[in-house]
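Residue-level listing of the chains:
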Amino acid sequence: MSEVVSPQSLAEEPLAGEVAVDPATGRPAGRAQAVVLILASCLGVLGAVLLAPVLPAIEDAFAGTAGVQALTPVVLTAPALVIGLTAPFAGRVVDRIGRKRLLVIALVVYAVVGTAPLWLPSLQLIVASRVLVGLTEAVIMTCCTTLLADYFHGSQRERYFGMQVVSTTVAATLFFGIGGALGSHSWRTPFWLYLVSLPLAVAAARLVWQPAPHRSGRVLTLPALPWRQLAAPVVTSLVGGLVFYALIVELSFRLDDVGVDSTGAIGAVSAIGSLGTAIGALSFSRLAPRGPAVTVPLAFAVSGVGLVGLGLAPNVSVIVLFAVVTGLGNGLLLPSLLTWALGSLTFEQRGRGTGWWTAAVFLGQFVCPLVVLALSGAIGGLGSALVVLGVVSVLAAVVVRSSRQARVAAPASGS
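Residues numbered from 1 in each chain as written. Predicted model: local features only at pLDDT ≥ 70, side-chain atom pairs only at ≥ 80, totals over all residues. Heavy atoms only, no water.

## Considering the nonpolar core
As a reminder, the rule being used: Definition of nonpolar core: a set of buried residues of the types Ala, Val, Leu, Ile, Met, Phe, Trp, Tyr and Cys, connected through side-chain atoms within 4.5 Å. With a 1.4 Å probe rolled over the protein chains alone, any residue whose accessible area is under 20% of its type maximum counts as buried; one over 50% counts as exposed, and the rest are partly exposed. The helix and strand labels rest on DSSP assignments: H or I over at least four residues marks a helix, E over at least two residues marks a strand, and numbering proceeds from the N terminus. It only takes one pair of heavy atoms within 4.5 Å for two residues to be counted as in contact.
Formed by 114 residues in total, the largest nonpolar core has its most connected members in Leu103, Leu107, Ile140 and Tyr151. Ranked by residue count, the leading element in this core is helix H6 (residues 123-151), at 14 residues. Excluding its chain neighbours within four sequence positions, the residues that come into contact with leucine 103 are Leu37, Ile140, Cys143, Cys144, Leu147 and Ala204.

Here it is, written out as structure tokens:
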């Protein structure tokens with residue numbers, strides 16, 4: 001009969017500002033562990049942008065397939081949807097059986113299913129492989145973010161959360177360009193890039209450790225999630241995912257509206273917007289001591305102003321300016337939301353909490369183009385749709401700030 005082990009007996013949380021220590025070797029978590037986890041986190045955006053340049057070629061290659069026009073976009077969007085639907089379950093598995101083993105296995109499987117379209121003969125099978133890519137990405141991203149929160153605390157955790165956003169943003173820009181370059185050879189060629197997870201699997205196996213070893217023959221009892229505290233950041237993160245991906249998804253179309261059709265020019269403006277995101281994310285560690293009551297509303301407000309400006313911009317110069325403003329807010333947004341979501345969780349709750357947060361952000365990513373398309377059709381164009389999203393973002397800032405102030409004031413009034 002399995003013995004139930006109290007979760008408190010499996011892990012002792014380091015104090016704020018400290019780092020976790022490998023129980024086997026006594027070595028503290030450091031830059032090597034952070035680099036592996038941050039690089040592995042970038043795999044989540046690989047599925048979102050790598051294949052965008054070759055979608056027309058995929059559609060042409062399977063022109064005789066029934067429903068090809070509907071299936072081809074799913075090749076790109078399926079991983080994000082699957083992450084959104086399965087990350088909470090991945091988080092539960094992470095909390096129950098441990099972080100490291102799942103991460104290494106998922107990185108290896110990711111390479112197998114990611115490269116499968118190199119030899120799959122039908123579009124339907126390729127779509128099925130993309131669903132499996134989404135499942136592995138859900139596990140990888142949940143494990144990586146949870147381990148960063150396990151290993152680092154205080155200002156170090158905040159710095160690495162910011163670096164995670166910087167890295168994924170830069171990776172998205174690089175992967176888009178690499179996908180286009182490889183796609184010029186063949187639409188199948190970009191799928192080779194999924195093999196990058198194999199050296200990361202080796203690095204994770206050597207450098208990453210399980211913070212709380214799960215003892216064989218025993219069952220870890222998981223404490224319930226504190227939904228009273230977790231629900232607000234998770235729901236807000238759904239809106240945050242929608243706001244964050246609006247710039248990434250719609251900037252090229254907005255440039256097209258003002259007559260910019262050069263791929264090089266669009267890429268240059270996108271890179272400038274990504275620079276704004278990097279600066280915003282790097283600033284997070286300095287602003288984080290003020291807490292989510294300040295950082296989350298500030299991020300939504302800056303992103304909202306940027307989106308309104310993008311929607312109203314009459315020319316390229318103004319679009320570039322507000323792309324940078326939106327990027328600044330976006331860079332601050334995700335680490336602020338993540339810190340808010342994980343702030344009330346213990347070690348034994350962190351994997352599930354990270355899973356729910358990841359699901360919310362990626363569902364926001366998946367619905368972003370659909371929401372923008374619906375708004376564009378209803379109110380007269382992309383510019384108007386971006387203005388509406390910007391207003392929603394500013395309203396989110398007001399609501400979050402007001403609710404956080406009300407929570408602080410409530411105990412004081414009751415004392």
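Next comes the rest of the write-up.
## Things to note about H6
The criterion, for reference: In this analysis, the expected span of each helix is defined as 1.5 Å times one less than the number of residues it contains.
Under the 1.5 Å per step criterion, the end-to-end length of H6 is 42 Å for 29 residues, consistent within 8% with the ideal 42 Å. Within H6, 23 of the 29 residues are buried, which leaves it mostly tucked inside the rest of the structure.

## Some thoughts on a nonpolar patch on the surface
Here is the rule we go by: Here a patch means residues that are over 30% exposed by relative accessible area and free of salt bridges, tied together within 9 Å if like-charged and within 5 Å if nonpolar (Val, Leu, Ile, Met, Phe, Trp, Tyr). We get accessible surface area from the Shrake-Rupley algorithm with a probe of 1.4 Å; when it comes to residues, only the shown protein chains can shield them. In what follows, salt bridge is the name for a side-chain nitrogen of Lys or Arg lying within 4 Å of a carboxyl oxygen of Asp or Glu.
A cluster of nonpolar side chains, contributed by Val108, Val112, Trp192, Leu195 and Leu198, occupies part of the molecular surface with about 430 Å² of accessible area. Tracing the sequence through the fold places leucine 198 in helix H8 (residues 197-207).

## Looking at the environment of alanine 203
One can find alanine 203 in helix H8. Residues alanine 203 and valine 36, 167 residues apart in the sequence, show an inter-C-alpha distance of 6.8 Å. Those residues within four positions of alanine 203 in sequence are excluded, and the remaining contacts are Val36 and Val208.

## Looking at the packing of helix H12 (residues 292-312) against helix H13 (residues 316-342)
Using the following cut-off: Here the axes come from fitting lines to C-alpha atoms, over the contacting stretch only for helices, and the angles between their N-to-C directions go from 0 to 180 degrees. To sort the angles, those under 35 degrees are grouped as roughly parallel, those over 145 as roughly antiparallel, those from 65 to 115 as roughly perpendicular, and the leftovers as oblique. By definition, any crossing whose near helix is turned counterclockwise from its far helix by less than a right angle is left-handed, and any crossing with a clockwise turn is right-handed. Residues are grouped as follows: Ala, Val, Leu, Ile, Met, Phe, Trp, Tyr, Cys and Pro are nonpolar; Asp, Glu, Lys and Arg are charged; all remaining types, including Gly, are polar.
Running from N to C, H12 and H13 point in directions that differ by 155°, and their axes come no closer than 7 Å. Taken together, the axes of H12 and H13 lie roughly antiparallel to each other. Taken as a pair, H12 and H13 cross one another with a handedness that is left-handed. For the contact of H12 with H13, the class distribution of residues is 18 nonpolar, eight polar and no charged.

## Re the pattern of salt bridges
Here the structure, examined in full by the defined rule, presents five salt bridges. Among the salt bridges present, the one from arginine 352 reaches aspartate 95, with a minimum N-O distance of 3.0 Å. One end of the pair, arginine 352, is in helix H14 (residues 347-379); the other, aspartate 95, is in helix H4 (residues 68-97), with 257 residues separating them in the sequence. Each member of the pair arginine 352 and aspartate 95 is classed as buried.

## Observations concerning the packing of H4 against H14
As a packed pair, H4 and H14 sit with axes 7 Å apart at the nearest point and diverge in direction by 170°. Considering the angle they form, H4 stands roughly antiparallel to H14. In terms of residue class, the contact of H4 with H14 is made up of 13 nonpolar, eight polar and five charged.

## What about the environment of alanine 32?
Its place among the elements puts alanine 32 in helix H1 (residues 31-41). When the C-alpha atoms of alanine 32 and valine 208 are compared, they prove to be 8.8 Å apart, with 176 residues separating the residues in sequence.

## Structural notes on the packing of aromatic side chains
Centre distance and the angle of the planes are the two values used to describe a pair of aromatic rings. Stated formally: Geometry of aromatic contacts follows a simple scheme: Phe, Tyr and Trp rings, the Trp one being its six-membered ring, pair when their centres are within 6.5 Å, and the pair is stacked under 30 degrees between planes, edge-to-face over 60, tilted otherwise.
With the rule as written, the count across this model stands at nine aromatic pairs. On the basis of an interplanar angle of 85° and a centroid distance of 6.4 Å, the ring pair of tryptophan 187 and phenylalanine 191 is categorised as edge-to-face. When sorted by exposure, tryptophan 187 lands in the same class as phenylalanine 191, which is buried. Considering the side-chain rings of phenylalanine 244 and tyrosine 245, the 5.1 Å spacing of their centres and the 75° angle between planes classify their relative orientation as edge-to-face.

## A word on the environment of leucine 345
Among the secondary structure elements, leucine 345 is positioned in the loop between H13 and H14. Beyond its immediate sequence surroundings of up to four residues, leucine 345 is in contact with Leu225, Pro226, Leu230, Arg350 and Gly353.

## Some details on H14
Our working definition: What the bend at a residue measures is the angle between two axes, fitted to the seven residues ending there and to the seven starting there.
Helix length check: H14 (33 residues) gives 46 Å between terminal C-alpha atoms against 48 Å at 1.5 Å per residue, within 8%. Taken as a whole, H14 carries its principal kink of about 40° at valine 367; the proline proline 369 stands between one and four residues after it. Backbone geometry just after H14 places glycine 380 at a positive phi near 95°.

## A word on the side chain of serine 129
This is how the line gets drawn: Polar contacts, as used here, are pairs of N or O atoms within 3.5 Å; protein pairs need one atom able to donate a hydrogen and one able to accept it. Residues neighboring in sequence count only if both atoms are side-chain atoms.
As for its placement among the helices and strands, serine 129 is situated in helix H6. Serine 129 sits in the buried class, given a relative accessible area of 5%. Among the polar contacts listed, one links the side chain of serine 129 to the backbone oxygen of isoleucine 126, at a separation of 2.6 Å. Setting aside residues no more than four positions away along its own chain, serine 129 makes contact with Val113, Ala116, Pro117 and Leu120.

## Section: the state of the cysteines
Convention followed: Two cysteine sulfurs form a disulfide in these notes if their separation is within 2.5 Å.
Across all of its chains, the model carries zero disulfides by this definition. Cysteine cysteine 143 is unpaired, with the sulfur of cysteine 144 as its nearest cysteine sulfur at 6.8 Å. In this structure cysteine 143 comes out as buried when scored by relative accessible area, which is 0%. The class for cysteine 144 is buried, based on a relative accessible area of 0%.

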